[in-house]
Amino acid sequence: MIHPDGTGHKVLVTFKSDEWLSVPSVWSPDSQSILINKFHDPDKGTMDIYLLDIATLKLKKEFGDAPPVYGWAGAR
């Protein structure tokens with residue numbers, strides 16, 4: 001993550017070099033979390049979905065062997 005002016009860069013999470021993250025991550029509506037799509041089975045196109053809390057940098061697996069997440073909408 002980096003400020004718009006290019007300062008204050010910070011690595012939020014690292015994965016192993018053999019982990020495939022080709023599907024874009026998705027920001028939460030409040031910009032407090034990110035859902036990360038990591039391939040579980042490339043042949044089936046399924047993902048392991050991780051939730052990264054930006055404040056704590058805690059990474060938690062939310063779903064396994066699931067379809068990819070492309071968007072996140074907040075409910076009112």
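Below you will find a few notes about this structure. (Residues numbered from 1 in each chain as written. Predicted model: local features only at pLDDT ≥ 70, side-chain atom pairs only at ≥ 80, totals over all residues. Heavy atoms only, no water.)

## Description of the pairing of strand β2 (residues 33-41)
Next, step 1: Most of β2 is tucked away, with seven of its nine residues classed as buried.
Next, step 2: Note that strand β1 (residues 26-27) and β2 share two bridges and pair antiparallel. Of the residues in β2, the one forming a bridge with Val26 is Leu35.
Next, step 3: In sequence, β1 turns back onto β2 through a hairpin of five residues, with Ser31 there showing a positive phi of about 60 degrees.
Next, step 4: Of the pairings in the sheet, the one linking β2 to strand β3 (residues 46-53) comprises eight bridges and is antiparallel in character. Among the inter-strand pairings, Leu35 is bridged to a residue of β3, identified as Leu51.
Next, step 5: Here β2 hands over to β3 after four residues, with Gly45 in that stretch at a positive phi of 75 degrees. (Buried < 20%, exposed > 50% of the residue type's maximum accessible area, 1.4 Å probe, protein only. Helix = DSSP H or I, 4+ residues; strand = E, 2+ residues; numbered from the N terminus. Pairing = 2+ DSSP bridges.)

## Some thoughts on unusual backbone geometry
Next, step 1: Notably, Leu57 is not glycine yet its phi reads approximately 60 degrees, a positive angle.
Next, step 2: Note on placement: Leu57 falls in the loop between β3 and β4 (59-66).
Next, step 3: On the basis of relative accessible area, Leu57 is assigned to the partly exposed category, the value being 31%.
Next, step 4: The phi dihedral of Asp65 falls on the positive side, at around 55 degrees, and the residue is not glycine.
Next, step 5: Its place among the elements puts Asp65 in strand β4.

## Brief notes about the nonpolar core
Next, step 1: Listed in full, the seven residues of the largest apolar core are Val23, Val26, Leu35, Phe39, Met47, Ile49 and Val69.
Next, step 2: Residue assignment for this core shows that the elements contributing at least two residues are β2 and β3.
Next, step 3: Aside from chain neighbours lying at most four places away, what touches Ile49 is Leu35, Ile36, Asn37, Lys60, Lys61, Glu62, Phe63, Pro67, Pro68 and Val69.
Next, step 4: Counting residues in hydrophobic clusters, the runner-up holds six residues, among them Leu12, Ile34, Tyr50 and Ile54. (Core = buried A, V, L, I, M, F, W, Y, C linked by side-chain atoms within 4.5 Å. Contact = heavy atoms within 4.5 Å.)

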